[in-house]
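Chains, contacts and geometry: an overview
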Amino acid sequence: EPEVTQTPSHQVTQMGQEVILRCVPISNHLYFYWYRQILGQKVEFLVSFYNNEISEKSEIFDDQFSVERPDGSNFTLKIRSTKLEDSAMYFCASSARGVSEAFFGQGTRLTVV
Amino acid sequence: DQQVKQNSPSLSVQEGRISILNCDYTNSMFDYFLWYKKYPAEGPTFLISISSIKDKNEDGRFTVFLNKSAKHLSLHIVPSQPGDSAVYFCAASGRGSGSARQLTFGSGTQLTVLP
C-alpha cells in the first residue's frame, strides 16, 4: 500500500542551527502538507503546497520556515534557525485531491537543545 | 481558538461493546470531516470521512454521524476491539481554506478497549 515516508525519524539539533526535514509523498498525490504536534498539544497545520507553490500557511509558518519540492518526488521543510520551541513531531501529509483524506507520514521528532 | 473540540480526553470501553467518540465544531465553513487514529510515535492514520451533504457514513465497524444543525459529529466503533486502543482525532476542512484544504484537528480522545 502506498505510504508517505519521512526522514529522519528523529533529529536533535542545537538552537540556531538549520534543519531540513524530508518527505516522500504518495506518488500520484498533488497536495502536500506539513503539520506539527508539540508534546501534549494538538496537531497544527503549518503549510500546504500545490502546483509547485505554497497554497496556504498558518501563523506558525514564519520567515524561519520554508518548503521545497526539489526534484518532483521529495518535499522538504527547512527551519533556518531553530528555537527551543520548535521542538515537536513534524508530520508530512499528502492527498490526491483538495477535498479528500490526507495520508500522513510517521513523523520526524525534532528536538532542539 | 478551538474550532474543533473533543471534550472527552479519554474513554474506556469493554471489548465487544460500542465506542462512541464525540466532536463539536464552531466554524460553519467546515464542510468535510474526518476521523484519524494515532498510535504513539506514529503519524495519524485515516479512518473515515463524511461530507456535509451527508449525515452518515459507514465503513465496516466504523460509522460517522454528522448533525449539522448541532455542529456535532460522532464516531461509532462496533464491536470495539483491543487493537482499537489509540488516540482518535476529529478533523475538519472547509471553504475558504484554499484548494489544498488544510485540516483543523481536535485535541484527541484516548480510547482504551478493555479485554
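Here the structure is a predicted model, which is why all the values come from computation and not from measurement. Residue positions within a chain follow its written sequence, with the count starting from 1. Whichever chain is written first is A, and whichever ligand is written first is 1; the rest continue in order. Only residues with pLDDT of at least 70 get local features here, since the model is predicted, and only at 80 or more are side-chain atom pairs given and counted; chain-wide, interface and lining totals rely on the full set of residues. Calculated side-chain values reflect all of the structure's heavy atoms, with hydrogen atoms and water omitted.

1. Digging into the pattern of salt bridges
Any Lys or Arg side-chain nitrogen found within 4 Å of a carboxyl oxygen on Asp or Glu counts as a salt bridge. Scanning all chains against the criterion turns up 3 salt bridges over all chains. Its salt-bridge partner being Glu 44 of chain A, residue Arg 36 of chain A comes within 3.4 Å of it at the nearest N-O pair. Between buried and exposed lies partly exposed: a residue is buried under 20% and exposed over 50% of the maximum accessible area for its type, with that area taken using a 1.4 Å probe on protein chains only. Exposure remark for Arg 36 of chain A: the relative accessible area of 9% places this residue in the buried category. Across the pair Arg 101 of chain B and Asp 31 of chain B runs a salt bridge whose closest N-O atoms are separated by 2.8 Å. Here the residue Arg 101 of chain B occupies a position in the loop between β9 (86-94) and β10 (104-105), and Asp 31 of chain B occupies one in strand β4 (residues 30-38), the gap between them amounting to 70 residues. Owing to a relative accessible area of 12%, Arg 101 of chain B belongs among the buried residues under this scheme. Counting from the N terminus, the helices are DSSP H or I runs at least four residues long and the strands are E runs at least two residues long.

2. Quick word on the state of the cysteines
By definition, a disulfide links the sulfur atoms of two cysteines through a covalent bond. Count a disulfide wherever a pair of cysteine sulfur atoms falls within 2.5 Å. In the structure shown here, the tally under the stated rule is 2 disulfides over all chains. One disulfide in the model links Cys 23 of chain A with Cys 92 of chain A; its S-S distance is 1.9 Å. Judged by the sign of its S-S torsion, about -65 degrees, the cystine formed by Cys 23 of chain A and Cys 92 of chain A is left-handed. One end of the pair, Cys 23 of chain A, is in strand β3 (residues 19-24); the other, Cys 92 of chain A, is in strand β9 (residues 88-95), and 69 residues separate them in sequence. For Cys 23 of chain A, a relative accessible area of 1% translates into the label buried. For Cys 92 of chain A, a relative accessible area of 0% corresponds to the buried category. Each sulfur of the disulfide joining Cys 23 of chain B and Cys 90 of chain B lies 2.0 Å from the other. On the sign convention where negative means left-handed, the S-S torsion of about -70 degrees between Cys 23 of chain B and Cys 90 of chain B marks this disulfide as left-handed. Placement of the pair is Cys 23 of chain B in strand β3 (residues 19-25) and Cys 90 of chain B in strand β9, with a sequence separation of 67 residues.

3. Describing the interface of chain B and chain A
Only heavy atoms matter for contacts: two residues are in contact if any of them lie within 4.5 Å across the pair. With 23 residues of chain B in contact, the opposing surface of chain A contributes 20 residues. Buried area: the accessible surface (1.4 Å probe) lost by two parts on joining, summed over both. When chain B packs against chain A, close to 1800 Å² is buried across both sides, 62% of that on carbon and sulfur atoms. By the criterion of area lost to chain A, the three top residues of chain B are Ala 100, Gln 102 and Phe 105 of chain B, representing 28% of everything that side buries. Scanning the region where chain B abuts chain A turns up 0 salt bridges. Polar contacts, as used here, are pairs of N or O atoms within 3.5 Å; protein pairs need one atom able to donate a hydrogen and one able to accept it. Residues neighboring in sequence count only if both atoms are side-chain atoms. Connecting chain B to chain A are 4 residue pairs in polar contact (both at pLDDT 80 or more). Of all the secondary structure elements, the ones that give two or more residues to the side of chain B that touches chain A are β4 and β5 (45-51) of chain B. Residues are sorted three ways: Asp, Glu, Lys and Arg are charged, Ala, Val, Leu, Ile, Met, Phe, Trp, Tyr, Cys and Pro are nonpolar, and all the rest, Gly among them, are polar. Class assignment of the residues belonging to the side of chain B that touches chain A gives a composition of 11 nonpolar, 9 polar and 3 charged.

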